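# Examination of the molecular architecture
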Amino acid sequence: MREKEASSPGLVNPSPMPLVDEAAKWAMEAMRNQQWQEAAQRWAVLQHAYPDEAMVWIQAGICHRQLGNLAMAQNLLESAVERFPGRPAGILELTEVAYANNDTSRVAALLEQARERFPNHMPVLLKSAELEQRLGHPADAERYNVQAREQFADHPQPWVQYAELAMQREEWSLALSRWVEVRQRFPEHPAGYNRAALAAEQAGDVRHARRLRLAREYGQKWLESFDEPSQTEKQALDDKISPPTRRHWLAFIDLIWTKARLNLKSEASQNYLRYLWWVIDPLLYMSVFYLVFGMLLNRGGEGFVAYLLTGLVPFQWFAKTLQQTSNSIVSNKGLMNQVHISPLFFPLVGIVQNSGKQLLVFFMLGIFLVFYGLPPTVHWLAFIPVMLVQLFLMAIFSCTLAMLVPFVRDLTNLIPTGIQFMLFCSGVFYSASIIPEQWRSLFFLNPMANILYQYRLILIEHQWPDWQGLGWVLLGCLLGSVLLFWLYRRVESVLPRVVIE
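## Side note on the overall build of the protein
Along the backbone of the protein there are 26 helices and zero strands. With 501 residues in all, the protein has 46% of them scored as buried. Taking as baseline every contact in the protein between residues at least 6 positions apart, the subset at least 24 positions apart corresponds to 63%. For the protein, the accessible area works out to roughly 26100 Å², and carbon and sulfur atoms hold 58% of it.

Put into structure tokens, the structure is as follows:
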């Protein structure tokens, strides 16, 4: 079996001279859209305008072959061979016309002519292998492919064809072993994953096919991190794959980290200043609050701006993470239905992604506090455990919401309101000391209020955090994680169906 190729059949990618570059794009566009009649007419126009360009004759011949006008295609291509004897493309396309006419002797003669005139030309060797395979001569096809791989070992096309020859003969185990070699040599080439996944499916190894499709994004190293290679590859490879070095949960963590890192890179690439925005954004954010509250309004008394930012910065981390991850499972429904992966993967990627940027925000907050007259003390060491507890808390909230949203889609409309409510109930703009004593225990039942209180003890009061209060938050997170894992196990099998309804 052969997968439909991405490009139009028979389409040659020419390198037009600057003089005809724009005109060639005009005709090539029709070919890419497989509008062969329109493309043939455009190339006919270009033949009169640029008769000394080989491509206008060869591409016109391809269009007529696709239309079934084999006699016209042959005349055009023979003219190209006669006019431009140094261009092998004309002879190679003539072999396609001869093959369409079932003239196998003509095919053999043309290929022999091409190899004599262009013995070290890669397309000639690849076309020879391709047509010999079609003619039912697999040994000759392999022989020409070997020549191409030996002469052009650093080019992916001969190696891709090497695997495709096995695919066309439906030798799936052999094809899988060859795709392994393609991935090892050219880890970025998509065929090493997409076509290999098709071979794995045909061999009955659906699990490995899913991994291959996912590995298209995360790379060969991630694929090799699984405990065992596919059974079909085991049978086909002569050399054994090394024993596993990591368990599945470590591979899962590595996958989360890889995806988050790629998302951050993609996000940065969309901006002109790239990663510099991760510094500029928190700097502008804190500058606005300093100007408004510290200089213009002069509200809250001495030290209020620092007090405000030490609460607002951690809460913004919490709010942005929840907003981004709550709909993560639904927005990735396409990927979920292609590969078998835990739904937890999607919100966890968003958490790690936001946490990576938040480290810079905390760094800028620390610089601001130093210039504001609050230099670091030994108590700042407690910042790390408080931050980790907040990270744990966000993971529980984010994963819970991400699991509920596919079942109750209207929940996405309530999440911003819920975050706003928590903003005013967490003591971001006021001190916990103004809460009446009889209500203070209830106030600290809000875990974010507790977390913000700990940050301020460390950064503003220069004290150690309230370890008991922080411990209660951590205990709640541990119990919540147990319940969360249990719920995910219960709904994991139905989520792929629910998200597409």
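## Things to note about a nonpolar patch on the surface
Residues W472, L474, L475, L478 and L479 make up a contiguous nonpolar surface patch of roughly 510 Å² in combined accessible area. Relative to the assigned elements, L474 resides in helix 25 (residues 467-491). For L474, a relative accessible area of 34% translates into the label partly exposed.

## Here we look at the packing of aromatic side chains
The geometry of an aromatic ring pair is captured by the separation of the ring centres together with the interplanar angle, meaning the angle of the planes. All told, the structure shown has 10 aromatic pairs when counted by the stated rule. Measuring from centroid to centroid gives 5.2 Å for F443 and F444, while their planes differ by 70°, and the two rings are edge-to-face. Among the aromatic residues, those joined into a cluster by ring pairs are W317, F362, F383 and Y455. Across from the ring centre of Y99, 4.9 Å away, lies the NZ or CZ of R134, which sits over that ring. One cation-aromatic arrangement involves R149 over W159; the distance from NZ or CZ to the ring centre is 5.1 Å.

## A closer look at unusual backbone geometry
A positive phi angle is found at Q34, which is not glycine, with a value near 60°. Q34 gets classed as partly exposed once you look at its relative accessible area, which sits at 37%.

## Remarks on the pattern of salt bridges
Under the defined criterion, the tally for this structure stands at 14 salt bridges. A salt bridge links R169 to E171, with the nearest nitrogen and oxygen atoms 3.3 Å apart. What makes R169 partly exposed here is its relative accessible area of 24%.

## Considering the nonpolar core
Grouped together as the largest cluster of nonpolar side chains are 62 residues, with contacts concentrated most on F315, F362, L369, I451, Y455 and Y488. For this core, the elements supplying multiple residues, two or more each, are helix 15 (248-269), helix 17 (304-325), helix 18 (328-331), helix 20 (345-371), helix 21 (383-404), helix 22 (411-425), helix 24 (447-459) and helix 25. No other element matches helix 17, which puts 12 residues into this core. Apart from the residues lying within four places of it in its own chain, the contact partners of I451 are V386, V389, Q390, L393, L470 and V473. Ranked by size, the runner-up nonpolar core spans 39 residues in total, among them A27, V81, A98 and L111.

## Examining the packing of helix 10 (residues 172-185) against helix 11 (residues 191-202)
The contact between helix 10 and helix 11 brings their axes to 9 Å, and the two run at 160°. Relative to helix 11, helix 10 is oriented roughly antiparallel. For the pair helix 10 and helix 11, the crossing hand works out as left-handed. Seen from helix 10, the contacting residues are W172, A175, L176, W179, V182 and R183; seen from helix 11, they are A191, G192, Y193, R195, A196, A199, A200 and Q202.

## Side note on helix 25
Given a rise of 1.5 Å per residue, 25 residues ought to cover 36 Å, and the 36 Å separating the end C-alpha atoms of helix 25 matches this to within 8%. Three or more residues of helix 25 are buried, namely G469, L470, V473, C477, G480, S481, L484, Y488 and V491.

## Here we look at the side chain of H64
Along the chain, H64 falls in helix 3 (residues 54-67). For H64, a relative accessible area of 15% puts it in the buried group.

## Quick look at the environment of L135
With respect to the helices, strands and loops of the structure, L135 is situated in the loop between helix 7 (122-134) and helix 8 (138-151). Between the C-alpha atoms of L135 and T104, which are 31 residues apart in sequence, the distance is 7.7 Å.

## Some words on the packing of helix 5 (residues 89-100) against helix 6 (residues 104-117)
The N-to-C vectors of helix 5 and helix 6 enclose an angle of 170°; their axes lie 8 Å apart at closest approach. As the angle between them shows, helix 5 and helix 6 are arranged roughly antiparallel. Between helix 5 and helix 6, the residues in contact are I91, L92, L94, T95, A98 and Y99 and R106, V107, L110, L111, Q113, A114 and R117, respectively. Among the residues making up the contact of helix 5 with helix 6, the classes are represented as nine nonpolar, two polar and two charged.

## So, helix 5
Over its 12 residues, helix 5 runs 17 Å from end to end, which matches the ideal 16 Å to within 8%, given 1.5 Å per residue. Among all positions of helix 5, only A89, G90, I91, L92, E93, L94, T95, E96, V97 and A98 are buried. Check the buried side of helix 5 and you find it contacts helix 3, helix 4 (70-83), helix 6 and helix 7.

## Things to note about the confidence of the model for the protein
For the protein, per-residue confidence averages 78 on the pLDDT scale, and residues scoring 70 or more make up 81% of the total. Taken element by element, the predicted model of the protein shows its lowest mean pLDDT in helix 14 (residues 231-236) (48) and its highest in helix 21 (90).

## Digging into the environment of P156
When you line up the elements, P156 lands in helix 9 (residues 156-168). For P156 and V182, which are 26 residues apart along the polypeptide, the C-alpha to C-alpha distance reads 7.6 Å. Other than its neighbours up to four places away in sequence, P156 contacts F186 and H189.

## Considerations on the side chain of Q133
As for its placement among the helices and strands, Q133 is situated in helix 7. A polar atom in the side chain of Q133 sits 2.9 Å from the backbone oxygen of L165. Beyond its immediate chain neighbours, meaning those up to four positions away, Q133 contacts P138, A141, L165, Q168 and R169.

## A look at the environment of I253
Mapped onto the secondary structure, I253 falls in helix 15. Residue I253 is classed as partly exposed on the basis of its relative accessible area, which comes to 43%. In this structure the C-alpha to C-alpha distance between I253 and V349, which are 96 residues apart in sequence, comes to 9.6 Å.

Thresholds applied
Residues numbered from 1 in each chain as written. Predicted model: local features only at pLDDT ≥ 70, side-chain atom pairs only at ≥ 80, totals over all residues. Heavy atoms only, no water. Helix = DSSP H or I, 4+ residues; strand = E, 2+ residues; numbered from the N terminus. Buried < 20%, exposed > 50% of the residue type's maximum accessible area, 1.4 Å probe, protein only. Contact = heavy atoms within 4.5 Å. Areas by Shrake-Rupley, 256 points an atom, 1.4 Å probe, with all protein chains shown as cover. Patch = residues over 30% accessible without salt bridge, like charges linked within 9 Å, V, L, I, M, F, W, Y side chains within 5 Å. Salt bridge = Lys/Arg side-chain N within 4 Å of Asp/Glu carboxyl O. Phe/Tyr/Trp six-rings, centres within 6.5 Å; stacked < 30°, edge-to-face > 60°. Lys NZ or Arg CZ within 6 Å of the ring centre and 35° of its normal. Core = buried A, V, L, I, M, F, W, Y, C linked by side-chain atoms within 4.5 Å. Axes fitted to C-alpha atoms, helices over the stretch in contact; angles between N-to-C directions. Parallel < 35°, antiparallel > 145°, perpendicular 65-115°, else oblique. Left-handed = near helix turned anticlockwise from the far one by under 90°. Expected span 1.5 Å × (residues − 1). Nonpolar A, V, L, I, M, F, W, Y, C, P; charged D, E, K, R; others polar. pLDDT = per-residue confidence, 0-100. Polar contact = N/O pair within 3.5 Å; in protein donor to acceptor, adjacent residues only side chain to side chain.

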